[in-house]
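Analysis of the macromolecular model
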Amino acid sequence: YQAHVKGAAEKYQLPEALILAVMAVESNFNPQALSDKGAMGLMQLMPATAKDLYVADAWDPAQNIEGGARYLRLLANQYSGDLVKTLAAYNAGPDAVRRAGEAVPDYPETREYVRKVVALYQAFKAGR
């Protein structure tokens, strides 16, 4: 998926390492991953989110990566580049971040998600 990640990273001005970290935590790089809540594919897009992001086929790795990267960019813009808030919103939704007073919601799953993605992002950035 490296070419898709590289293209999306360039298009949305995101680090490739961040997209890879999100993919690793969301789906363990499984393009057929399906969550119990209905999130699909490599970046685990919810059907409504995929539709909002103009992703016609969330099971297609190229479209899924494109949509996930687009969503990360939109969230990063919304939170002025704050990585922790961006990732919390990617996981729990912007409404949950808003309800938490523009902070990481006090959901164990979201707190662990943010921790894992940040750790992997740092490792990938360092070339590990």
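What counts as what
Residues numbered from 1 in each chain as written. Predicted model: local features only at pLDDT ≥ 70, side-chain atom pairs only at ≥ 80, totals over all residues. Heavy atoms only, no water. Helix = DSSP H or I, 4+ residues; strand = E, 2+ residues; numbered from the N terminus. Expected span 1.5 Å × (residues − 1). Buried < 20%, exposed > 50% of the residue type's maximum accessible area, 1.4 Å probe, protein only. Contact = heavy atoms within 4.5 Å. Phe/Tyr/Trp six-rings, centres within 6.5 Å; stacked < 30°, edge-to-face > 60°. Axes fitted to C-alpha atoms, helices over the stretch in contact; angles between N-to-C directions. Parallel < 35°, antiparallel > 145°, perpendicular 65-115°, else oblique. Left-handed = near helix turned anticlockwise from the far one by under 90°. Nonpolar A, V, L, I, M, F, W, Y, C, P; charged D, E, K, R; others polar. Core = buried A, V, L, I, M, F, W, Y, C linked by side-chain atoms within 4.5 Å.

This part is about helix H2 (residues 16-27). The end-to-end C-alpha distance of H2, which contains 12 residues, comes to 16 Å, matching closely the 16 Å that a straight helix rising 1.5 Å per residue would cover. Within H2, 10 of the 12 residues are buried, leaving the element largely enclosed by the surrounding structure. Among all positions of H2, only Ala-17, Leu-18, Ile-19, Leu-20, Ala-21, Val-22, Met-23, Ala-24, Glu-26 and Ser-27 are buried. Packed against the buried residues of H2 are helix H1 (2-12), helix H4 (61-78), helix H5 (83-92) and helix H7 (108-125). Of the residues flanking the end of H2, it is Asn-28, one or two places downstream, whose phi is positive at about 55°.

Taken as a whole and judged by the stated rule, the model has one aromatic pair. Centroid distance Tyr-71 to Tyr-90: 5.5 Å. Interplanar angle 45°. Geometry classified as tilted. Pair noted here: Tyr-71 is in helix H4 and Tyr-90 is in helix H5, with a separation of 19 residues, a long-range link. By relative accessible area, which is 16% here, Tyr-71 ends up buried. Here Tyr-90 falls in the buried class, since its relative accessible area comes to 8%.

Next up on the list: the packing of H2 against H7. Where H2 meets H7, the axes come as close as 8 Å, and the angle between the chain directions of the two elements is 135°. When the axes of H2 and H7 are compared, the pair comes out oblique. At the point where H2 passes H7, the crossing takes the right-handed sense. Contacts between H2 and H7 pair Ala-17, Leu-18, Leu-20, Ala-21, Val-22, Ala-24, Val-25 and Glu-26 from the former with Tyr-113, Lys-116, Val-117, Leu-120, Tyr-121, Phe-124 and Lys-125 from the latter. Class assignment for the residues of the contact of H2 with H7 results in 12 nonpolar, no polar and three charged.

Counting residues in hydrophobic clusters, the biggest one holds 37 residues, and the most contacted among them are Ile-19, Val-22, Met-43, Leu-87 and Tyr-90. Contributions of two or more residues to this core are made by H1, H2, H4, H5 and H7. No other element matches the seven residues that H2 contributes to this core. Non-local contacts of Met-43, meaning those with residues more than four positions away in its chain, are made with Ile-19, Val-22, Met-23, Glu-26, Asn-64, Ile-65, Gly-68, Ala-69, Leu-72 and Tyr-90.

Of note in the backbone geometry, Gln-44 takes a positive phi value of approximately 50° without being a glycine. Relative to the assigned elements, Gln-44 resides in the loop between H2 and helix H3 (47-52). Despite not being glycine, Glu-102 shows a phi value in the positive range, around 60°. Here Glu-102 lies in the loop between helix H6 (94-99) and H7. Judged by relative accessible area, which is 36%, Glu-102 ranks as partly exposed.

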